[in-house]
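Notes for the structure review
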Amino acid sequence: MISKILSAGLLASALAYPSPPSGGVGVSPNDPAPVYSPETDFDTESLVVGVNQEWLELDLFHNMLATFSEEEFDAAGINAEQRYYIQEMAEQEVGHAILINNMLAGAGKTSQQCQYKYPYKSVKEALSFAEFVTRFGEAGVYGFLPHLKNRAVAQNLLQSITTEAKQEVAMAQMEGYFPQPYWFNMGLTQAMTWSLMVPFLDHCPESNPKVAFPAFPLLDVTNAAKTVDESIPSGVSNNYTHVAQPGRQLDLKWAAPGQDVGPPEQGYKTDKNPDLGDPAYAAFIHQLNVTYTPLENVNTEELTATTIHPDFKMFNEPNGMGINGTVFLAIVDEEVPVTPYNFSLLNDHIHAFGPYFAGI
């Protein structure tokens, strides 16, 4: 009798399989089947930026392996197994580029790989540059992902960019630096990502679609902390001292708009909103936040200024991560109230934009 009751109870439990909670998008068998191609110009142009990023990373990983000898890699602490890992990262980028080009095919805007120029002269410099490139690559996708009209496209990108996030951490580890000096990864706009990427594009096929987003004038923190330390061994993690402390004066210099940038075949020039007010603030773009500090010693002829590295703790927690690692900095005309979701509102207020290597 007891066994019959138990059997009946198990059957009732099986029959009570719950339906999904209401409100989900695309989770019902009655919903249209997903279509993996852009639905809007915003979708398309975001993917064009994305595929350019994937082609750059693919070439970068191959170039790193081709530029330096096995002896140079060994001297930097990067053994054969780690070199194979870098080669595997290149293969991952093959997949990412194919994925985005397949989705762009529906809009007739597929791209081919370009020729690139790189600033590194040592293995450690190459690893540092690769950490930087993968850092802004992942941040760029995080920034536009929730704004895509086609959620099926966004799902595919999500599953590729999580791989890229692992690449960024791995590069920091191979450099020998603390791999994740933050609680949250920031998002960037397409224009910010393109501004960082386009200077490394040397020549591109004329058939490649032109990127629709502006490239901001480059901002340089001329006294940024040293980011390549040849003496630190490669390792899973190192307790490397935070080298950019709050209260430190930062010396800033930026370029004027209208400068030629990127592949000459496509005629890109740096640009900004012509209705901008005067440069007034530095916007530190990090984690979930944009932290503003006033500019001082502003020289609008020389395009220079100073500001102070802000004293910031995430959520005001005593151990909350500050502004550390590879973050980004913009010169803006006002303190624009933005959050991660409406971050693109900052674009129209940017005089110049660039990386701030705040310590790793």
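Residues numbered from 1 in each chain as written. Predicted model: local features only at pLDDT ≥ 70, side-chain atom pairs only at ≥ 80, totals over all residues. Heavy atoms only, no water.

Describing the domain arrangement of the protein
Under the convention used in this document: Either an automatic procedure or a domain database provided the assignment from which the domain bounds are taken. The contact rule is simple, with two residues in contact once any of their heavy atoms fall within 4.5 Å. Accessible area, probed at 1.4 Å, shrinks when two parts are joined; the buried area is that loss added up over both. Any carboxyl oxygen of Asp or Glu within 4 Å of a side-chain nitrogen of Lys or Arg constitutes a salt bridge here. Definition of a polar contact: a pair of N or O atoms within 3.5 Å, with one able to donate and the other able to accept a hydrogen when the atoms are protein atoms, and with sequence-neighbouring residues admitted only if both atoms are side-chain atoms. Counting from the N terminus, the helices are DSSP H or I runs at least four residues long and the strands are E runs at least two residues long.
When cut into domains, the protein gives domain 1 (41–203) and domain 2 (219–358). On the domain 2 side, the residues contacting the 40 residues of domain 1 number 43 residues. For the pair domain 1 and domain 2, the summed buried surface comes to about 3300 Å²; carbon and sulfur atoms form 65% of the total. For the pair domain 1 and domain 2, the interface holds zero salt bridges. Where domain 1 touches domain 2, the interface holds eleven residue pairs in polar contact (both at pLDDT 80 or more). Looking at the side of domain 1 that touches domain 2, the elements that each hand over two or more residues are α5 (123–144), α6 (151–175), α7 (190–197) and β2 (201–203). It is α5 that contributes the most residues to the side of domain 1 that touches domain 2, seven residues altogether.

A short note on the sheet that holds strand β6 (residues 289–294)
Sheets are built from strands paired through backbone hydrogen bonds, the pairs being either parallel or antiparallel. Condition: Two strands are said to pair when DSSP picks up at least two bridges between them. Axis definition: a line fitted to C-alpha atoms, limited for helices to the stretch in contact. Angles are taken between N-to-C directions and run from 0 to 180 degrees.
With antiparallel pairing, the four strands of this open sheet are ordered in space as β6-β5-β9-β10. Only two strands of the sheet have a single partner each, and these edge strands are β6 and β10 (350–357). Between one strand axis and the next, the sheet turns through 25 degrees on average, direction left out of account. As paired elements, strand β9 (residues 326–332) and β10 share seven bridges and run antiparallel to each other. Residue pairing in the sheet places A330 in a bridge with F353 of β10.

Side note on the pairing of strand β5 (residues 281–286)
As a reminder of what qualifies: Only protein chains enter the accessibility calculation, which uses a 1.4 Å probe. A residue is then buried if its area is under 20% of the maximum for its type, exposed if over 50%, and partly exposed in between.
Where burial is concerned, most of β5 is hidden: five out of the six residues are buried. Relative to β6, β5 runs antiparallel, the two sharing six bridges. From the neighbouring strand, I285 faces β6, where its bridge partner is V290. In textbook terms, the turn of a hairpin is the stretch between consecutive antiparallel strands, and for β5 and β6 this stretch comprises two residues, one of which, Q287, has a positive phi near 45 degrees. Two strands pair when backbone bridges link them, and β5 and β9 are joined in this way by five bridges, in the antiparallel orientation. Each bridged residue has a counterpart across the sheet, and for F284 the counterpart in β9 is L329.

A look at the packing of aromatic side chains
We count it as follows: We call Phe, Tyr and Trp rings a pair once their centres come within 6.5 Å, taking the six-membered ring for Trp, and we label the pair stacked below 30 degrees between planes, edge-to-face above 60, and tilted otherwise. Think of it as a cone above the ring: NZ of Lys or CZ of Arg counts as a charge over the ring if it is within 6 Å of the ring centre and within 35 degrees of the ring normal.
Across all of its chains, the model carries 16 aromatic pairs by this definition. An aromatic cluster is present here, built from F68, F73, Y116, Y118, Y120, F129, F132, F136, F200 and F357 joined pairwise through their rings. The ring of Y182 has R135 sitting right over it, with the charged end atom 4.3 Å from the ring centre. We note K210 situated over the ring of Y268; from NZ or CZ to the ring centre the distance is 5.2 Å.

Looking at the pairing of strand β4 (residues 249–254)
With burial as the criterion, only one face of β4 is covered, namely that bearing L250, L252 and W254; the residues Q249, D251 and K253 on the opposite face remain uncovered. Note that β4 and strand β8 (residues 304–308) share five bridges and pair antiparallel. Each residue of the ladder has a partner; that of Q249, found in β8, is I308.

Brief notes about the state of the cysteines
Operational definition: Cysteine sulfur pairs qualify as disulfides if the two atoms are within 2.5 Å.
Under the defined criterion, the tally for this structure stands at one disulfide. At a sulfur-sulfur separation of 2.1 Å, the disulfide partner of C114 is C204. Taking the sign of the torsion about the S-S bond as the criterion, the disulfide between C114 and C204, at about 105 degrees, is right-handed. Here C114 is found in the loop between α4 (80–104) and β1 (115–116), whereas its partner C204 is found in the loop between β2 and β3 (219–221), with 90 residues between them in sequence. Residue class for C114 comes out buried when judged on its relative accessible area of 7%. Among the residues examined, C204 registers a relative accessible area of 6% and is labelled buried.

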